[in-house]
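# Observations on the three-dimensional arrangement
As a plain string of letters, each chain reads:
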Amino acid sequence: MMNYLNNVYDVIVVGAGHAGCEAALACARLGMKVVLATLNVENIALQPCNPAIGGPAKSTLVREIAALGGEMGEAADATYLQMKTLNSSKGPAVRALRAQSDKREYSDYMRHVIEKNENIYVRQACITDLIVEGGGIVGAVDEFGIEFKVNAAILTTGTSLAGRIFVGLKSYSAGRLGEQAAIGLSDSLRKLGINLKKLKTGTPPRVDSRTIDYSKMDIQPGDEVLNFYSFKPNRPVRKQYPCYLTRTNEETHKIIRDNLDKSPMFQGLIQGVGPRYCPSIEDKVVRFHENPSHHIFIEPEGLGTYEVYIQGFSSSLPADVQVKMLRTLPGLENAHVIKPAYAVEYDYVPAVQTSHSLMSKTIQGLFFAGQINGTSGYEEAAAQGLIAGINACNYLNGSDMLELSRSSSYIGTLIDDLVTKDIQDPYRMLTSRSEYRLLLRQDNADTRLTPIGHKVGLVDETQFNIFKTKQENIEKEIARLESEKVSATDEVNSVLAKYGERLEKGVRLADLLKRPNISYEVLKEIHPETMELGVARDVYEQAEILIKYDGYLKRQQVQVEQASKLDKFKIPENIDYMSIEHISSETKEKLDKIRPKTLAQASRIGGVKPADISILMVLLEKHKLCSKN
Ligand SMILES: Cc1cc2nc3c(=O)[nH]c(=O)nc-3n(C[C@H](O)[C@H](O)[C@H](O)COP(=O)(O)OP(=O)(O)OC[C@H]3O[C@@H](n4cnc5c(N)ncnc54)[C@H](O)[C@@H]3O)c2cc1C
C-alpha cells in the first residue's frame, strides 16, 4: 500500500458518482494509481433520482459501456429488482432494457468493486482547488488544504458544484438531499479561465410503501424471459418485484395551479434551465394543460426499505403542497411522505470547452465527465466517465486519444453533441439524437465496441474469446439460414397459417424470416433441424435482425460512408475564422468558440448553414489548408 502521507498519484477523480466510478475503474484497470475523492463515501454510485438503470436510448449506452469493459451493466445485472424490455413489440432500434435497481445494493456493489481494486485510493474529501503548472494539471487540494500530487484530474462533480436545493420558496446550499454542496471548486475553475453556467434538475417525493393501496393501481410486472446488460454468459436470475401505475387527475392539477406562486421555478428563483425531457409535474400541468391526466409510476427503491419512488411526480413546490397533491392520486390517499421532492441548481462547465477526448481545450490533463458537462442521467454520466478515464490514461502514456465517432456508438454521438452544440438544458440521450439509430442498437453494442475495449485493455482475453465465438456463430447461423430450405408441405402451412402466412413453394429459411410475421421462433416450429441445433438466443437474435433488416442496414451504412467524406476534411487548429469573408459574424464566433476538428463537425454546429460549409470547404482547398486523410 502506498504511503498515505506522500499523496502522490497518477490521477485524481473528483466525485464517486456514476461518471467518477467508471473513470476511476478504467484508470485503475489500465494500471494508473488513482485517488478517488468524494464528499461522502457512503454515497458512492448513489442513484439520487430514479432507482433504475437504462430505458430508451440509455440502455444502449449501458450496453456500450459493458461492451467497452465498463462496470455499470455488471452492477445493474447484479442488483436488479425488475428487468423489463421496453418497446419489445417495436423494431430493434428502439427496444430498450430497463433495470429497476435495489438502490442500496447497487451502491454497495460498486463501492465493493472500487475498494477491491488495489490501484484505487478512496478519500472522503471535498476538492476545492486545482493546481496547474506549465499549462497542465499537477495537483488538487481539499478543503483542509491537503494536496494531492497528480498528473491528471477528472472532474465528475454531478449536481454538487455550488449546488442549491429548493423546496418551495425555501432554499439552502446542498448538492442533493442530505449531502453538502461542493464549494470552492467553481472559483478555482473560473480562475483557470473556465466558464461555468447553471442548470437545474429535480426529483420526486419518496413515500412509505405501507401507506399505499396498490389495489387501486395497475400492476407493472417484469419480463418472463430476462435480458441482461452484460455480455458475460450465465447471469444469475433474481426474484422480480413489480412496479405500479397510477394517474394524476383534475384535483391534482388544480392544487398545482393554485400553488404556482409558491414554486421557485415559476417565481424565477431558479435561473438554471431544467431537463426538457424530464419535466416537473407542475411543468407538465402548465405546458400540457389540455391533458386531463399524467401517468405516475410507483417504483420500489430496494428490499431493505419501505421507501418507494413516485416517478413522474418531480416537483419543487412546498412540502405541504406536495402531500396534498400526492393524496389526490388513486392508491396514495393516505400516503406518508418520507422525503420531499426538491429541485437542485448547480454549476456546470459547458462542454464546448472540452475536446472529444473530454480533456479541456486549455488545460492539459484536466478532464470533465458526467453532469458537470451538462448532461442528465446516470448512464450518460457513466459513459463519459469511462471515456474520460481511458483518455486520462492515454494522456499520461502519451498515446492517441480514444474518440468514438457518431457512427460507432451512442457514446460517440453523446460526446460529439456535447462538445459541438452549445446545449442550453440538461442533455439526455434519446434515440432521435442519432442519425444512425438502426446501426446503433443495444443488441449489437459488442459487435461495434468490444474490439475497441479489447484494444484499449479493458476487455480481457476470456471475454474477448467469448465475443469472437459469438460473432463466428452468428455468421455461421446466417450462412445456414441462407442455404437451408423449408418445403411447402401441409404441415408447414398449417403452422404458418397461425401467423397469417403461407408457402406456395419451398423457400430459403432466410427469405421466410424476412416476412414481417415470421420470427426465428416460428422457424423453430416449422423446421425441426433449426429446433435441434439449439442455437443460443443472443446468436439467433442477431442473425434474425441482420437478415430481417438487411436492406435498411445497408442503406444506413451508405449514409455513414457519405457522411465520412466531410469527416475527412480536417480543419487546421490555428485557422483564423474571424478573417473569413462571406460568413456571418455570428457563425464566425460560433466556429471560433467551438473550433471544430473537421468539416463534418462544423456542419453539426447549430446555426452553421450548408452555404457556410461550402465556403469553408473552398477556402480549405484553395489554401491547401485541409488534409483529407
Ligand atoms: C435532485 C436530482 C434529480 C435528478 N433528476 C434526474 C432525472 O430526472 N433524470 C436523470 O436522468 N437524472 C437525474 N438526476 C441526475 C443524476 O443523478 C445524475 O445525472 C447522475 O447521477 C450524474 O452522475 P455524475 O457522476 O455526473 O454525478 P453524481 O452521481 O451526482 O456524482 C457526483 C459525485 O461527486 C461528488 N463531488 C462533487 N463535488 C465534489 C468535490 N468538490 N470534491 C469531492 N467530491 C465531489 C459528490 O459527492 C458525488 O458523489 C438527478 C439528480 C438529482 C440530485
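Structure: see above.
Residues numbered from 1 in each chain as written. Predicted model: local features only at pLDDT ≥ 70, side-chain atom pairs only at ≥ 80, totals over all residues. Heavy atoms only, no water.

## Side note on the pattern of salt bridges
This is how the line gets drawn: Basic side-chain nitrogens of Lys or Arg form a salt bridge, by our definition, when they fall within 4 Å of a carboxyl oxygen of Asp or Glu. By the criteria applied, helices consist of DSSP H or I runs no shorter than four residues and strands consist of E runs no shorter than two, each listed in order from the N terminus. Note on classification: 1.4 Å probe, protein chains only; a residue is buried when its accessible area is under 20% of the maximum for its type, exposed when over 50%, partly exposed between these limits.
According to the stated counting rule, one finds 44 salt bridges in the structure shown. A salt bridge links K232 to E74; the nearest nitrogen and oxygen atoms lie 3.7 Å apart. Highlighted residues: K232 in the loop between β15 (218-220) and β16 (243-247) and E74 in helix α3 (residues 72-78), separated in sequence by 158 residues. The exposure class of K232 is partly exposed, given its relative accessible area of 40%. Its relative accessible area of 11% is what places E74 among the buried residues. With a shortest N-O distance of 3.6 Å, D77 and R235 are connected by a salt bridge. Placement of the pair is D77 in helix α3 and R235 in the loop between β15 and β16, with a sequence separation of 158 residues. Among the residues examined, D77 registers a relative accessible area of 2% and is labelled buried. It is possible to trace a salt-bridge network through shared partners that takes in R406, D416, D417, K421, E435 and R604.

## Quick notes on helix α10 (residues 410-420)
Note the cut-off: When checking whether two residues touch, look at their non-hydrogen atoms; a contact exists if any pair is within 4.5 Å. Pairing of N or O atoms within 3.5 Å defines a polar contact, subject to two protein rules: one partner must be a possible hydrogen donor and the other a possible acceptor, and residues neighboring in sequence count only if both atoms are side-chain atoms.
Of all the 11 residues making up α10, 11 are buried; the element is thus mostly covered by neighbouring parts of the structure. Those residues of α10 that sit buried are Y410, I411, G412, T413, L414, I415, D416, D417, L418, V419 and T420. Turning to α10, the residues buried within the fold contact α2 (58-68), α9 (378-397), α11 (445-456), α19 (585-594) and α20 (599-603). For α10, the N-terminal capping position is held by S409, with its side-chain oxygen 2.9 Å away from the main-chain nitrogen of G412.

## What about the site of the ligand?
Which entries qualify depends on this criterion: We call a residue near a molecule or strand whenever a single non-hydrogen atom of that residue lies within 4 Å of it. By the convention adopted, Pro, Cys, Tyr, Trp, Phe, Met, Ile, Leu, Val and Ala count as nonpolar, Lys, Arg, Asp and Glu as charged, and the other residues, Gly among them, as polar.
Near the ligand, the surroundings consist of 36 residues, among which A19, I127, E179, Q371 and G377 are the closest. Between the ligand and I127, the relevant distance is 2.9 Å, taken from a nitrogen atom to a main-chain nitrogen or oxygen of the residue. Within the side chain of T201, one N or O atom sits 3.1 Å away from a nitrogen atom of the ligand. When contributions to the shell around the ligand are tallied by element, the ones reaching two or more residues are α1 (18-29), β2 (34-38), β13 (197-203), β20 (342-348) and α9. Looking at which element gives the most residues to the shell around the ligand, the answer is β13, with 3 residues. Considered class by class, the residues forming the shell around the ligand number 17 nonpolar, 16 polar and 3 charged.

## Some details on the sheet that holds strand β11 (residues 164-167)
Threshold: At least two bridges found by DSSP between two strands is the condition for calling them paired. For helices, the fitted line uses only the C-alpha atoms of the stretch in contact; every axis is such a line through C-alpha atoms, and the angle between N-to-C directions lies from 0 to 180 degrees.
Pairing is antiparallel across the open sheet formed by 4 strands, whose spatial order is β12-β11-β20-β13. Looking at strand neighbours, the two that pair on one side only are β12 (170-173) and β13, the edges of this open sheet. Here the strands of the sheet are splayed against their neighbours by 25° on average, with no regard to which way each runs. Strand direction decides the pairing type here: β11 and β20, joined by 3 bridges, are antiparallel. Counted as the bridge partner of I165 is V344 from β20.

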